[in-house]
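Each chain is listed here by its residues.
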Amino acid sequence: LPRRQRGLPERRNIRDVRKVIAVSSAKGGVGKSTIAVNLALAFARQGHRSGVLDTDIFGPSIPTLLNLSGEPRLSANNQLLPLSNYGVKSMSMGYLVGEQAPVVWRGLMVMKALQQLLHEVEWGGLDVLVLDLPPGTGDTQLTITQQVKLDGAVVVSTPQDIALKDAVKGISMFRKVSVPILGMVQNMSVFNCPNCGHSTHIFGSEGVARTCESHGVDLLGDIPLDARICDDADRGKPTVVAEPESVRGEAFMGIAEKI
Ligand code: ADP
């Protein structure tokens, strides 16, 4: 039966966007937004018209990462106009509500805001749009996967067992809703000490690779745990812009090339 007759919402394309890629993680704080924004910047560096949509309503990080703020203007047909920096267009709840995170919003308001972010932005022609999903596999994530035609999903995880267990839930969710999984990214696997040069695998080294193998998913790449990635993010100049030729910058670029 068609989706509509089964009572499921119809999946719509995001207007003027050729390819939509969701970056997800089962837990917060594993580097999902950092990876989403660096991927969008890497696509732009490869010459694609690129954008990033922050769908994390309760903890939007894209404005900080791209050093952007202020209210979006409206187009002639009342659509939100994205804000741009470093050649990447972006839209985020953070622009709409400023610093006041809508932590007390009810489900209905969240869904309404989400609709606006998904369907009322005038992207003006993009080759690729990266969706920064909220962490987890709950209602919001399901709504997004059911309402928007996603070309693929990237699952970010750190290599420790507890994170991987939840990452597997993410893989199952995308499979259930028939979104192709492009692969996993392992973040914070190796720490290279800037003082002595010694490498330490703080959370283990093979976790994500093992999960990929046992679940038939590609491993897209590995991002080291490095204070400079955090510094770059904090000052609103992500690694792909701040230091594209470093090992770290190349790690992000390498992942973008595989997508
Ligand atoms: P999430 O979106 O999963 O909640 P973030 O991308 O916001 O995670 O990252 C959480 C914190 O960890 C941020 O302060 C970010 O700068 C930092 N971070 C992410 N990846 C790395 C890394 N590879 N090395 C160092 N710090 C990182």
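The preceding data block contains the structure.
My aim in this report is to walk through the structure given alongside it, one point at a time.

Cut-offs applied
- Residues numbered from 1 in each chain as written.
- Predicted model: local features only at pLDDT ≥ 70, side-chain atom pairs only at ≥ 80, totals over all residues.
- Core = buried A, V, L, I, M, F, W, Y, C linked by C-beta atoms within 7 Å.
- Buried ≥ 20, exposed ≤ 12 C-beta atoms within 10 Å, placed from the backbone.
- Helix = DSSP H or I, 4+ residues; strand = E, 2+ residues; numbered from the N terminus.
- Contact = placed C-beta atoms within 7 Å.
- Near = placed C-beta within 6 Å.
- Nonpolar A, V, L, I, M, F, W, Y, C, P; charged D, E, K, R; others polar.
- Axes fitted to C-alpha atoms, helices over the stretch in contact; angles between N-to-C directions.
- Parallel < 35°, antiparallel > 145°, perpendicular 65-115°, else oblique.
- Arc of directions from axis to C-beta.
- Pairing = 2+ DSSP bridges.

## With respect to the nonpolar core
Core analysis: the biggest nonpolar cluster contains 70 residues, and Val23, Leu39, Ala40, Val130 and Leu131 have the highest contact counts within it. The element that contributes the greatest number of residues to this core is helix α1 (residues 32–45), accounting for nine residues. Dropping the residues within four chain positions of it, Val23 is found in contact with Lys32, Ile35, Ala36, Leu39, Val130, Leu131, Asp132, Leu133, Val154 and Val156.

## Some words on the site of the ligand
Near the ligand lie 18 residues; those nearest to it are Gly31, Lys32, Ser33, Thr34 and Cys230. Of the residues assigned to the shell around the ligand, the class counts are eight nonpolar, eight polar and two charged.

## Regarding the packing of α1 against helix α10 (residues 247–258)
Between α1 and α10, the shortest axis-to-axis distance is 9 Å and the interhelical angle comes to 75°. Judged by the angle between their axes, α1 and α10 are roughly perpendicular. Contacts between α1 and α10 pair Asn38, Leu39, Ala42, Phe43 and Arg45 from the former with Phe252, Met253, Ile255 and Ala256 from the latter. Among the residues forming the contact of α1 with α10, the class breakdown is seven nonpolar, one polar and one charged.

## Digging into the environment of Gly107
Within the fold, Gly107 resides in helix α4 (residues 107–119). For Gly107, a count of 9 C-beta atoms within 10 Å puts it in the exposed group. Sequence separation between Gly107 and Thr140 is 33 residues, and the spatial gap between their C-alpha atoms is 9.3 Å.

## A closer look at helix α7 (residues 207–215)
Turning to α7, its buried residues number three or more, namely Gly207, Val208, Thr211 and Cys212. The buried residues of α7 occupy an angular sector of 135° when the element is viewed end-on, so they sit on one face. Facing away from the buried side of α7, by more than 90 degrees, are the exposed residues Glu213 and Ser214. Buried residues along α7 sit in contact with β6 (152–157), α6 (161–176), β7 (181–192) and β9 (219–225). Following α7 by one or two positions, Gly216 adopts a phi angle in the positive range, close to 65°.

## A few points about the pairing of β6
Across the six residues of β6, five count as buried, placing the element largely inside the fold. Pairing geometry for strand β1 (residues 17–25) and β6, over five bridges, is parallel. Bridge pairing in β6 places Ser25 opposite Val156. Looking at chain direction, β6 and β7 are connected through five bridges and run parallel. Of the residues in β7, the one forming a bridge with Val155 is Met184.

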